[in-house]
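# Chain and residue survey
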Amino acid sequence: MALLKVENLSKSFSGLKAVSNVDLEIKEGELVGLIGPNGAGKTTVFNLLTGVYEPTEGTIIFKGQKINGLAPYKISHRGIARTFQNIRLFGDLSVIDNVKIAYHQHVSYNILSGILRLPKFFRGEEEIYQKAYNLLKIFDLHEKKDELAKNLPYGQQRRLEIARALATKPSLLLLDEPAAGMNPQETQNLMDLIRWIRKEFDLTILLIEHDMSLVMGICERIYVLDYGMIIAHGTPDEIKSNPRVIEAYLGEEAG
Amino acid sequence: MSNMEKNKFPLINRKNVIMLFLLVAVYGIVQFLQANGTLSRFYLLTLILACIYIILAVSQNLITGFTGQLAIGHAGFMAIGAYMSAMVVVKMNGHVVAGLIFGALMAALAGILIGIPTLRLRGDYLAIATLGLGEIVRIFFLNWDYLGGATGFQVPKSMNWTWAFWLMVLSVVVIKNFINSSHGRACISIRENEIAAEAMGINTTKYKVIAFALGAMFAGLAGGIYANFMFFIQPGTFSFLKSFEILVMVVLGGLGSITGSIIGAVIMTVVSAVLADVPELRMVIIAVLLIIIMIFRPNGILGTKEFNLNFLNPQKKGEENGTT
């Protein structure tokens with residue numbers, strides 16, 4: 001069964017159609033890429049999937065239920081987590097607090113036991129701390145847990161964003177250009193990491209990426225978006241040789 | 001991390017015990033000086049006002065410094081607490097404690113009712129909307145003759161140093177505990193990045209309203225203490241200038257720092273008291289003081305840092321779990 005099924009999705013910004021008639025289908029456990037030239041509407045698709053924008057038309061079905069029109073936090077509760085193209089960490093908070101906040105929806109005590117410092121509070125906090133610490137350890141950030149997120153080097157900020165997204169316990173993870181600004185070595189490490197977390201956390205992943213070596217290297221299927229429309233989809237090899245894709249990326253053949 | 005599991009009574013540690021000891025010492029010294037007559041009325045008034053302003057500043061900080069919502073209507077909630085508690089005490093012959101609770105709850109209710117529509121606004125728009133609503137509250141009481149209207153309202157004096165001090169401690173502890181819990185972190189994440197907070201599953205509207213209601217509740221409590229201490233309240237006391245005064249204390253101490261708000265409130269109260277004899281210079285000197293602070297410490301005296309006694313619990317380094 002498809003975990004995510006998007007049908008006829010469109011989004012217009014006062015007349016400008018940013019995304020039109022997009023169909024996507026992602027099965028459980030897949031690792032799918034979404035590529036396309038700059039301004040093709042990839043991030044808009046992510047924003048539609050996560051509820052930041054409401055679709056003008058179309059339906060988004062996740063785990064068999066329609067989720068379009070839901071508030072972003074509700075979509076997060078249903079099990080979709082994301083990272084952002086332009087990193088959006090909680091910069092003035094410590095690294096571990098960033099992860100703890102994402103655990104909030106699974107917190108086991110209520111406001112009153114927090115204020116009254118009941119035993120429940122201490123148990124809950126201890127649990128959150130352990131979970132957040134273990135997650136940071138996976139991403140090799142545990143030694144920096146008390147540093148402010150904004151003081152981390154760029155590559156570690158990207159990793160922290162992924163760690164934070166995983167803390168919400170998603171079944172579908174959306175990665176928006178996770179390798180942006182990384183050098184080839186860091187990209188290679190990131191690819192290994194994505195493969196590993198997918199197995200470890202039993203995840204389905206949809207990722208936007210500009211770095212072709214990353215997309216071609218790890219995605220099983222690829223959708224290509226241009227001017228808001230899906231112009232091709234298939235395996236990496238099919239995409240590589242698809243004339244429409246080559247045209248979109250390199251321009252029309254001369255002559 | 002492992003040492004936390006072994007601590008069966010996490011509230012009983014060196015830091016909390018010393019903090020309690022310090023609080024009792026401050027309370028006791030003032031109480032002693034007051035009893036043997038050394039402390040003049042004027043000093044006592046200043047100390048009690050400082051307690052009231054600490055509650056106001058810390059609760060404003062919860063809304064503005066921690067949740068990041070620039071709301072400037074705190075005097076309005078203070079007025080609701082003051083008038084509602086006075087109504088219970090004077091018109092219904094209720095006990096002062098019932099009055100304080102009723103006043104605080106009515107202020108919290110007003111906070112929820114005002115918060116749900118206005119917290120959709122951002123930045124300056126929220127500031128303008130809350131400023132206006134604070135004034136509406138004042139004008140409402142100005143025209144409500146049942147509670148004295150423009151001529152003011154007399155309330156028997158039942159608050160004293162003991163009440164003011166311990167209610168201040170209670171307010172600060174509650175707000176501090178709230179902030180240092182998962183729900184408080186949810187509020188702080190809104191300040192840090194609202195879009196990311198939503199994407200991480202935080203119901204940002206809910207937590208904004210909770211922070212607003214909690215802040216309003218303590219402003220109402222402060223208003224109740226004020227009304228039952230001052231003999232006399234009038235709507236003019238709760239004008240937007242009062243809201244600004246509270247905001248100035250928070251900015252002076254540092255947005256996002258509870259101890260900063262306490263320091264800011266004490267400094268402003270003391271400066272106001274010292275300059276009571278030269279009212280024409282008061283605002284000038286306060287303005288100059290603010291400008292100096294903003295030049296040398298643009299984030300306030302403490303920034304977002306807290307002054308704390310964590311060094312007394314060295315084994316818990318890096319793990320913030322304490323209460324006052």
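Residues numbered from 1 in each chain as written. Chains lettered and ligands numbered in written order. Predicted model: local features only at pLDDT ≥ 70, side-chain atom pairs only at ≥ 80, totals over all residues.

From N to C terminus, chain A includes 10 helices and 10 strands. For 255 residues, the compact-globule formula gives about 18 Å, and the C-alpha radius of gyration of chain A, at 19 Å, lands near that figure. Considering only C-alpha atoms, chain A reaches an extent of 75 × 40 × 35 Å along its principal axes. Burial status across chain A gives 44% buried among its 255 residues. Put simply, of all contacts in chain A between residues at least 6 apart along the chain, 65% involve residues at least 24 apart. (Helix = DSSP H or I, 4+ residues; strand = E, 2+ residues; numbered from the N terminus. Rg over C-alpha atoms; globule rule 2.2 N^0.38 Å. Buried ≥ 20, exposed ≤ 12 C-beta atoms within 10 Å, placed from the backbone. Contact = placed C-beta atoms within 7 Å.)

Residue and element names in this part refer to chain B. Following both chains from N to C, one finds helix α4 (residues 74-91) and helix α6 (residues 123-142) inclined at 30°, their axes separated by 8 Å at the closest point. One finds that α4 runs roughly parallel with respect to α6. Residues A75, G76, A79, I80 and Y83 of α4 form the contact with α6, whose own contacting residues are L133, G134, V137, R138 and F141. Broken down by class, the residue content of the contact of α4 with α6 amounts to 7 nonpolar, 2 polar and 1 charged. (Axes fitted to C-alpha atoms, helices over the stretch in contact; angles between N-to-C directions. Parallel < 35°, antiparallel > 145°, perpendicular 65-115°, else oblique. Nonpolar A, V, L, I, M, F, W, Y, C, P; charged D, E, K, R; others polar.)

Attention now moves to the sheet that holds strand β2 (residues 16-27) of chain A. Residues and elements named next belong to chain A. Here 4 strands make up an open sheet; going across it, the order is β2-β1-β4-β5 and the pairing antiparallel. Two strands lie at the open edges of the sheet, namely β2 and β5 (65-66), each paired on one side alone. The pairing of strand β4 (residues 57-62) with β5 spans 2 bridges and is antiparallel. The residue of β5 that forms the bridge with F62 is Q65. Against the sheet, helix α1 (residues 42-49) engages β1 (2-13), β2 and β4, with an angle of about 65° to β2. (Pairing = 2+ DSSP bridges.)

It is worth spelling out the interface of chain A and chain B at this point. In this complex, chain A contributes 35 residues to the contact, which on the side of chain B involves 29 residues. When contributions to the side of chain A that touches chain B are tallied by element, the ones reaching two or more residues are α2 (72-78), α3 (95-102), α4 (111-115) and α5 (119-138) of chain A. By residue number, the principal contributor to the side of chain A that touches chain B is α5 of chain A, which donates 8 residues. Across the side of chain A that touches chain B, the residue classes break down as 16 nonpolar, 9 polar and 10 charged.

Residue and element names in this part refer to chain A. Among the 5 residues that make up strand β3 (residues 31-35), 4 are buried, leaving the element largely enclosed by the rest of the structure. Summarising the sheet, β3 and strand β8 (residues 204-208) pair through 4 bridges and their orientation is parallel. Following the sheet pairing, L34 is matched in β8 by I208. As paired strands, β3 and strand β9 (residues 221-226) are joined by 4 bridges and run parallel to one another. Following the sheet pairing, I35 is matched in β9 by V224.

A few words now on the pairing of β1 of chain A. All names here are of chain A. Sheet topology places β1 next to β2; 8 bridges connect them, and they run antiparallel. Residue pairing in the sheet places V6 in a bridge with L24 of β2. Count of turn residues in the β1/β2 antiparallel hairpin: 2 residues, of which S14 carries a positive phi of about 35°. Relative to β4, β1 is paired through 5 bridges, and the arrangement is antiparallel. Paired with V6 across the strands is I60, a residue of β4.

On to the environment of M200 of chain B, then. For M200 of chain B, the location among the structural elements is in the loop between α9 (194-199) and α10 (204-229). Along the sequence, M200 of chain B and S189 of chain B sit 11 residues apart, while their C-alpha atoms lie 9.6 Å from each other. Ignoring any residue separated from it by four or fewer positions in sequence, one finds M200 of chain B in contact with S76, I101, A102, R164 and T168 of chain A.

Attention shifts here to the domain arrangement of chain A. Buried accessible area, meaning the area lost when the parts come together, often serves as the stated size of an interface. By domain assignment, chain A separates into domain 1 (2-79 + 170-250) and domain 2 (92-161). If you look at the interface, domain 1 of chain A gives 6 residues, while domain 2 of chain A gives 4 residues. (Domains from an automatic or database assignment.)

The nonpolar side chains of soluble globular proteins are, as a tendency, buried together. I52 and I54 of chain B are the most contacted members of the largest nonpolar core, which totals 168 residues. A total of 17 residues in this core trace back to one element, the largest contributor, which is α10 of chain B. Both domains that meet at this core, namely domain 1 (2-79 + 170-250) and domain 2 (92-161) of chain A, each give it at least three residues. If we skip the residues at most four places from it in the chain, I54 of chain B touches M168, V172, I262 and A265 of chain B. (Core = buried A, V, L, I, M, F, W, Y, C linked by C-beta atoms within 7 Å.)

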